[in-house]
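What follows is each chain in one-letter form.
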Amino acid sequence: MSEEAFEAVGDYRYGFHDPENATIRFDKGLSEQVVRDISALKNEPEWMTDLRVKAYRHFEARAMPDWGNCNLLESINFENVTYFLRSSDQTEKNWDDVPDDIKNTFDRLGIPEAEQKWLGGVTAQYESEAVYHSIREDLEEQGVIFLDMDTGLKTHPELVKKFFGTVVPHSDNKFSALNTAVWSGGSFIYVPKGIHVEMPVQAYFRINAKNMGQFERTLIIADEGSSIHYVEGCTAPSYSTDSLHSAVVELIAMEGAKIRYSTVQNWSNNVYNLVTKRGVAHKNATVEWVDGNIGSKLTMKYPSVLLKGEGAHAEVISVAYAGDGQHQDAGAKVHHLAPNTTSNILSKSISKNGGRSSYRGMLQVMPKAFGCRSKVVCDALILDESSRSDTYPTMEIGNSTADLEHEASVSKVSGDQLFYLMSRGFTEEEAMGLIVNGFFEPFTRELPMEYAVELNKLLELEMEGSIG
Amino acid sequence: MGVAMSEEMLRVENLHVSVEGTSIIKGLNLTIHRGEIHVIMGRNGAGKSTLANVVMGHPAYEITQGTIHFQGQPLEELAVFERARAGMFLSFQYPAVIPGVQVGTFLKKSVASVRDDPPKGRAFRKELNGAMAELEMDKSFLSRYVNDGFSGGEKKRLEILQMLLLKPNLALLDETDSGLDIDALRIVSKGINKIAPEAGCLIITHYQRLLDHVKPHFVHAMIDGAIVKTGGPELALELEERGYDWLDVAA
């Protein structure tokens, strides 16, 4: 990276970009024809084309949400977005076959190294499509399907058709409609009955081009008694113009299955990150969202779980860091639809340098869902006077047998903590870094160790050069 | 050859300190050399803790007059963390809680920032284990969060553990003995005696009982922001027996 480029990137260490070597790039802007062209290019079955078109029409007709950060939402210019960009003609199984500049990017992000050390499979998506994909042979032999979504649709059309859009319908919200219309890439995973995938599988999403829209679509099905841990990472270059990331993720945990979905999104501060993530947990199944939001300009994301079968369990642990010019509007939603279902929600947010973080939570217990238990804990840490934190909890409790706990706290770093740490040799920035890492610790300890270390470093960097 | 002049660690001259406009320390003088143990006793509100905090650089205190030197260097230029790195240590009366930060990580990072040639990896663990054994601390301490849910005695032990690992040239101990049972007091004293020969020590206390375990060279009585009487260990006994009123008159 040139000196000049580095200047522009500033503190964000993944802000570099490569030359844009597209093999196919659609003109900016969205129309029904663009939607049809994407589908035709991918040679999709008719039902998918129809679904895309239907979703597009819904998107067009649907108003913007009238809640959240309306000003920022209204400032999105959908006509200035590139909806499809292919940067490599095929998805490779060997890193050496991936185009050099793209491979270099993923090298810098440490993906091939992580794959060798501790992952069961990797998908690397660059712009609209996966450029690299691999899964360990032993998992493949056990019948585990781990593909990019486009390939999944080609090779397992029946399975995709059966589940696609069943958890997050296209009409769920404006951005799920947009995703359904123009989706490209993402992961498709099926874990057969009784199979436990011991090593996490990872997908890494990278936006490189300016004004890019990335719309990956992920569908994970864990069949009865199986388990899987899926890890997602995201970065983008720092440009002065905006990019749009609008994903849809659907998780289906069959009876007794367990899915954990861990994300650390570290988009650059010019990315709108408007994502719908939802899972269904059938009888005695568990769905866990471990969701970290560090980057982006505006994130609106509320990982949710439908507890559909008796004894199902939901776990949502999320953290948000909102710095200068950032609004993290995050939270969690849990719907107790069946009796004796349980949930834990832990949300932690930090606001700094004028950043804003909001917790938006929904806890619903249906009238016939007897004997449910839920615990919600929301902690906010505000690091200076110019920053802001809001909490919008909603509870709809349909019967009196529910056992619910709700705790919320807003705190500031105390002068005593800083003095104590500084008397132990830490600079003020280092002291802040320690306090912030400590605050997020209940989240970081849930991450694979390599991620936890990386996240701690990242937060320490965020604390640097910002105390005057 | 006689006793060599030992190195000066702390020199406080005509110190005046105020907090939010209220004058707390009023013309205090004190010099501590390497190898010396000084004890300051006095009533609540005499300014004892203020002295310890101001020497360490607490931002809430304003020095309105006078100077403080550490190893001959004026302290006013040094930030709190620089004082720590220069070899100053304060054992807090009320150590802060740092949620989510494990004691082990904290100690390692602190040692790395303070000591000139910090032990790493196995050498650090060996030193840590040795110090913890000496203070009769269980290894489970290391995975707990700094002072989070600690009893009073546990907090003080962690302070002393840090002192042993940071190897300060000047140790300020602010009521480290308060609220300790006999066993804890014995253990804390062991820690102080261990570093004392190589450092200057300033112990702030209300009680003579610590002095059953730690032998001070000087005992100072502090009243209303100044040292009004200095003596040997016998002064501590006298203060405990007679209180401070007789000194008010003397002052």
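Cut-offs applied
- Residues numbered from 1 in each chain as written.
- Chains lettered and ligands numbered in written order.
- Predicted model: local features only at pLDDT ≥ 70, side-chain atom pairs only at ≥ 80, totals over all residues.
- Helix = DSSP H or I, 4+ residues; strand = E, 2+ residues; numbered from the N terminus.
- Contact = placed C-beta atoms within 7 Å.
- Axes fitted to C-alpha atoms, helices over the stretch in contact; angles between N-to-C directions.
- Left-handed = near helix turned anticlockwise from the far one by under 90°.
- Nonpolar A, V, L, I, M, F, W, Y, C, P; charged D, E, K, R; others polar.
- Core = buried A, V, L, I, M, F, W, Y, C linked by C-beta atoms within 7 Å.
- Buried ≥ 20, exposed ≤ 12 C-beta atoms within 10 Å, placed from the backbone.
- Domains from an automatic or database assignment.
- Pairing = 2+ DSSP bridges.
- Expected span 1.5 Å × (residues − 1).

Some words on the overall build of chain B
The secondary structure content of chain B amounts to eight helices and twelve strands. Taking the contacts inside chain B whose residues are at least 6 apart along the sequence as the reference set, 74% of them involve residues at least 24 apart.

What to know about the packing of helix 3 (residues 46-61) of chain A against helix 10 (residues 174-182) of chain A
Any two packed helices are characterised by how steeply their axes cross, that is the angle between the axes, and by the distance between the axes. All names here are of chain A. Contact geometry of helix 3 with helix 10 gives a least axis separation of 7 Å together with a crossing angle of 145°. In terms of crossing hand, the pair formed by helix 3 and helix 10 is left-handed. In this structure, helix 3 uses Leu51, Arg52, Ala55, Tyr56, His58 and Phe59 to contact helix 10, whose residues at the interface are Lys174, Ala177, Leu178, Thr180 and Ala181. Per-class residue counts for the contact of helix 3 with helix 10 are seven nonpolar, two polar and two charged.

Comments concerning the nonpolar core
Counting residues in each nonpolar core, the largest one holds 210 residues, and the members touching the most others are A:Leu251, A:Ala253 and B:Leu172. Looking at this core element by element, the count peaks at eight residues for helix 12 (residues 428-444) of chain A. Structurally, this core is a two-domain feature, drawing no fewer than three residues from each of domain 1 (3-301) and domain 2 (414-468) of chain A. What B:Leu172 contacts, discounting residues up to four positions off in sequence, is B:Ala52, B:Val55, B:Met56, B:Phe89, B:Leu90, B:Ser91 and B:Leu202.

Topic: the sheet that holds strand 5 (residues 73-74) of chain B
Residues and elements named next belong to chain B. Strands sit in the order 2-1-4-5 across an open sheet of four strands; the sheet is antiparallel. Of all the strands in the sheet, just strand 2 (22-33) and strand 5 have a single pairing partner and so form its edges. Here two bridges tie strand 4 (residues 62-70) to strand 5, and the two strands are oriented antiparallel to one another. By the bridge assignment for strand 5, Phe70 is matched with Gln73. Of the strands in this sheet, strand 1 (8-19), strand 2 and strand 4 are in contact with helix 1 (residues 48-56), which crosses strand 2 at around 70°.

Re the environment of A:Phe188
With respect to the helices, strands and loops of the structure, A:Phe188 is situated in strand 6 (residues 187-191). The sequence separation of A:Phe188 and A:His170 amounts to 18 residues, and the corresponding C-alpha distance is 18 Å.

Examining the domain arrangement of chain A
Residue and element names in this part refer to chain A. Once the domains are mapped, chain A shows domain 1 (3-301) and domain 2 (414-468). Distance from the C-alpha centre of domain 1 to the C-alpha centre of domain 2: 30 Å. Between domain 1 and domain 2, the contact holds twelve residues from the first and ten residues from the second. Only helix 6 (111-118), strand 13 (258-265) and strand 16 (286-293) provide two or more residues apiece to the side of domain 1 that touches domain 2. Of the residues in the side of domain 1 that touches domain 2, the class split is seven nonpolar, three polar and two charged.

Comments concerning unusual backbone geometry
Not every positive phi belongs to a glycine, and A:Asn43 is a case in point at roughly 60°. If you trace the backbone, A:Asn43 turns up in the loop between helix 2 (32-41) and helix 3. Overall, the presence of 9 C-beta atoms within 10 Å leaves A:Asn43 in the exposed class. The backbone of B:Glu175 sits at a positive phi, close to 50°, despite the residue not being glycine.

Some details on the packing of helix 11 (residues 415-422) of chain A against helix 12 of chain A
Residue and element names in this part refer to chain A. Relative orientation of the contacting elements helix 11 and helix 12 amounts to 115°, with a least axis distance of 9 Å. In this structure, the crossing between helix 11 and helix 12 has a hand that is right-handed. Touching Gln417, Leu418, Leu421 and Met422 of helix 11 are Glu428, Ala431, Leu434 and Ile435, all from helix 12. A breakdown of the residues in the contact of helix 11 with helix 12 according to their chemical character gives six nonpolar, one polar and one charged.

Things to note about helix 6 (residues 182-195) of chain B
Residue and element names in this part refer to chain B. Compared with an ideal rise of 1.5 Å per residue, which puts 14 residues at 20 Å, helix 6 spans 21 Å between its outermost C-alpha atoms and is within 8% of the ideal. Of the positions making up helix 6, those classed as buried are Ala184, Leu185, Ile187, Val188, Ser189, Gly191 and Ile192. Residues of helix 6 that are buried sit in contact with helix 5 (152-166), strand 9 (170-174) and strand 10 (200-205).

Details of the interface of chain A and chain B
Put simply, an interface is often sized by how much accessible area is lost when its parts join up. Across the contact, 18 residues belong to chain A and 19 residues belong to chain B. Of all the secondary structure elements, the ones that give two or more residues to the side of chain A that touches chain B are helix 11 and helix 12 of chain A. The leading source of residues in the side of chain A that touches chain B is helix 12 of chain A, at seven residues.

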